[in-house]
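Listed below, chain by chain, are the residues.
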Amino acid sequence: IKHAIINIFFIFLKLKFYIEVMNKFFKDNIKYILQSLVVLLSVLMSFYIDSIRVENQNANYKNEIVKDLQSIIESERTQISNIKDLQIRCRNAADDLIFDIINKSNDLSDKQIAEKLLLLTERGSVSFFSQSSLYDELKSTGSTRLIKSDNFRYALSNTYNNLNQRNLAVSRIIDDYF
């Protein structure tokens, strides 16, 4: 027991010595410790501020792209509407010509026949081509990741990849035919 008490006493002395050494170390180096903490906190704060800046920049870029997409979509809707109207005019001209031929009527003048044939040959094969440059930019810059909606990303991909390839194939068939 006496030996255990002496060991405990020496442990307390060593502990007291270590505490005194640590206190002396902190007293002597408190300035450096505080400076190190300030530098560390500054670096962490700069990373945080930079991440906020990048996030805001990405949000602004995404908003700009969405506005551009809206503009392109509106332009394409107008183009599709014009093509639809033109196709209806071509169908009506073809119907008139077919009716005139089948019924062997001479209701159409030579000028009307020429105008309808010209409309069919010149405008009957008009194709729609989507403006895919903005989507290509989104893909090449990796900015599609900014679009959080999976459905919207899928719709963009489907429109500008799959449907565009189908449109090109149909347009090629029409071009080869005419």
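For clarity, every value in this text was computed on a predicted model and none was experimentally measured.

About the thresholds
Positions within a chain are numbered from 1, following the residues in the order the chain's sequence is written. With the structure being a predicted model, the display of local features is reserved for residues of pLDDT at least 70 and the display and counting of side-chain atom pairs for 80 or more, all residues being used for whole-chain, interface and lining totals. With hydrogens and water excluded, all non-hydrogen atoms of the structure serve as input to the side-chain values. Here a strand is any run of E in DSSP of at least two residues, a helix any run of H or I of at least four, and the numbering for each starts at the N terminus. Accessible area is worked out with a 1.4 Å probe on protein chains only. A residue is then buried under 20% of its type maximum, exposed over 50%, and partly exposed in between. All accessible-area figures derive from a Shrake-Rupley calculation using a 1.4 Å probe, and residue coverage is judged against the displayed protein chains alone. Aromatic pairing here means that ring centres of Phe, Tyr or Trp (its six-membered ring) are within 6.5 Å. Orientation follows from the plane angle: under 30 degrees is stacked, over 60 is edge-to-face, and everything else is tilted. Taken from the helix axis, the directions to the C-beta atoms give the arc we talk about. One confidence number per residue, pLDDT, is output by the predictor and ranges from 0 to 100.

So, the overall build of the chain
Per the secondary structure count, the chain includes four helices and zero strands. Written out in order from the N terminus, the α and β elements of the chain read α-α-α-α. Buried positions account for 17% of the 178 residues belonging to the chain. Within the structure as shown, the chain displays about 14300 Å² of accessible surface, and the carbon and sulfur contribution to it stands at 61%.

Describing the packing of aromatic side chains
Applying the stated criterion across every chain, the model contains two aromatic pairs. Taken together, a centroid distance of 6.0 Å and an interplanar angle of 55° make the contact between Phe17 and Tyr18 tilted. For Tyr18, a relative accessible area of 51% gives the class exposed.

Brief notes about helix H3 (residues 133–141)
Every buried residue of H3 is accounted for by Leu134, Tyr135 and Leu138. Viewed along the axis of H3, the buried residues span an arc of 100°, placing them on a single side of the element. Opposite the packed face of H3, turned more than 90 degrees from it, sit the exposed residues Ser133 and Ser140. Looking one or two places after H3, you find Gly142, whose phi comes out positive at around 75°.

Let's talk about the confidence of the model for the chain
Segments scoring low in pLDDT should not have their predicted coordinates read at a detailed level. Across the chain, pLDDT averages 81, with 88% of residues at or above 70. The lowest-confidence element of the chain is helix H4 (residues 150–177), averaging 69 in pLDDT; the highest-confidence one is helix H2 (residues 110–123), averaging 87.

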